[in-house]
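Each chain is listed here by its residues.
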Amino acid sequence: CLMSDIPQDPTPPSEAPETEAPARPAEYVADIRFEDMNLSEPIRRAITERGYTHPTPVQAKAFQPAMEGRDLIVRSKTGTGKTAAFGLPLLEKIPADEKRVRALILCPTRELALQVADELRALGKHKGVKVAAIYGGPSMQQQEDALEGGTPINASTPARRRSMGASPRMPTCAPERRPSAPPNM
């Protein structure tokens, strides 16, 4: 499923009357509310604490297909909520007591791995789903110890994931079984 909220043929915005407060750009506010997305109470509470009132369009569009287990490729501008677009469905689908790795999020830099992990921890804090940031720099032993207790969501840089992959303590992903695609006719 390919999604993009970057317009292919942008039209110039109409000018608002001077008496109205400027509206947020359309790429930042969806026409629905988080309450319309069938989110659990712990996730809604965390969203409220973060100060979010409405999902962004990318979050609203990605939520249901992700909840259905569809693979997504999402293209959206910086700051439009892509982390929550894939993170909210992950947090909803993973049970709080899950110990196996259920999601591996590859990030090109340690800064992004930390940012993704921090956001998902904040959104999942009331549900109790554990999130780890795995990246080069800190002791590999420290990161292996953090994973040993069971961390179902891992935001990792490719290099650290590769170097830890040979470790017997590095958990592997336990993907859900999906039905196979019908043969091409």
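Above this note sits the structure.
Scope of this entry: the structure provided in the associated data block. Because the structure is a prediction, the values reported are computed rather than measured.

Cut-offs used in this document
Residues numbered from 1 in each chain as written. Predicted model: local features only at pLDDT ≥ 70, side-chain atom pairs only at ≥ 80, totals over all residues. Heavy atoms only, no water. Helix = DSSP H or I, 4+ residues; strand = E, 2+ residues; numbered from the N terminus. Buried < 20%, exposed > 50% of the residue type's maximum accessible area, 1.4 Å probe, protein only. Contact = heavy atoms within 4.5 Å. Areas by Shrake-Rupley, 256 points an atom, 1.4 Å probe, with all protein chains shown as cover. Pairing = 2+ DSSP bridges. Axes fitted to C-alpha atoms, helices over the stretch in contact; angles between N-to-C directions. Salt bridge = Lys/Arg side-chain N within 4 Å of Asp/Glu carboxyl O. Right-handed = clockwise from strand over helix to strand, strands pointing away. Polar contact = N/O pair within 3.5 Å; in protein donor to acceptor, adjacent residues only side chain to side chain. Parallel < 35°, antiparallel > 145°, perpendicular 65-115°, else oblique. Left-handed = near helix turned anticlockwise from the far one by under 90°. Nonpolar A, V, L, I, M, F, W, Y, C, P; charged D, E, K, R; others polar.

Focus on the overall build of the protein
Summing up its helical and strand segments, the protein has 6 helices and 5 strands in all. Along its sequence from the N terminus, the protein presents helices and strands in the succession β-α-α-β-α-β-α-β-α-β-α. The buried share among the 185 residues of the protein stands at 36%. Here the contacts in the protein between residues at least 6 apart in sequence split such that 67% fall between residues at least 24 apart. In the form shown here, the protein has an accessible surface area of approximately 11600 Å², with 53% of it arising from carbon and sulfur atoms.

Brief notes about the sheet that holds strand β5 (residues 153–156)
Taken together, the 3 strands give an open sheet; going across it, the order is β3-β5-β4, and neighbouring strands pair in parallel fashion. In the strand order of this sheet, the two ends are held by β3 (103–106) and β4 (131–134), each with one partner. Averaged over all pairs of adjacent strands, the angle between strand axes in this sheet comes to 20°, irrespective of strand direction. Sheet analysis places β3 next to β5, joined by 4 bridges and oriented parallel. Each bridged residue has a counterpart across the sheet, and for Ala103 the counterpart in β5 is Ile153.

Some words on the pattern of salt bridges
With the rule as written, the count across this model stands at 6 salt bridges. The salt bridge partner of Arg102 is Glu98, with a shortest N-O separation of 3.0 Å. Between Arg121 and Asp118 there is a salt bridge, with the nearest N and O atoms lying 2.8 Å from each other. In this pair, Arg121 and Asp118 both sit in helix α4 (residues 110–124), 3 residues apart, roughly one turn of the helix. The partly exposed category is assigned to Arg121, whose relative accessible area is 34%. Among the charged side chains, a salt-bridge network with shared partners connects Glu98, Arg100 and Arg102.

With respect to the pairing of β5
Residue alternation in β5 divides its side chains into two sets, Ile153 and Ala155 and Asn154 and Ser156, and both sets are buried. In this structure, β4 lies alongside β5, joined through 4 bridges in parallel fashion. Of the residues in β5, the one forming a bridge with Val131 is Ile153. A crossover links β4 with its parallel partner β5, the connecting element being helix α5 (residues 140–148), and its sense is right-handed.

Thoughts on the side chain of Ser76
Following the sequence through the fold, Ser76 ends up in the loop between β2 (73–75) and α3 (82–93). You can call Ser76 buried: its relative accessible area is 11%. A polar side-chain atom of Ser76 sits 2.4 Å from a polar atom in the side chain of Thr80.

Some thoughts on the packing of α3 against α4
Relative to each other, α3 and α4 sit at 45°, their axes nearing to 10 Å. Comparing their axes, α4 and α3 come out oblique. Crossing hand, α3 versus α4: right-handed. Contact with α3, carried on its side by Thr83, Ala84, Phe86, Gly87, Leu88 and Leu91, involves Val116, Glu119, Leu120, Leu123 and Gly124 of α4 and no other residues of that element. Of the residues belonging to the contact of α3 with α4, the class tally is 7 nonpolar, 3 polar and 1 charged.

Digging into the environment of Ala155
Looking at the secondary structure, you find Ala155 in strand β5. Assessed through its relative accessible area of 1%, Ala155 is described here as buried. Apart from residues lying up to four places away in sequence, Ala155 is in contact with Ile105, Cys107, Ala113, Val116, Ala117, Ala132, Ala133 and Ile134.

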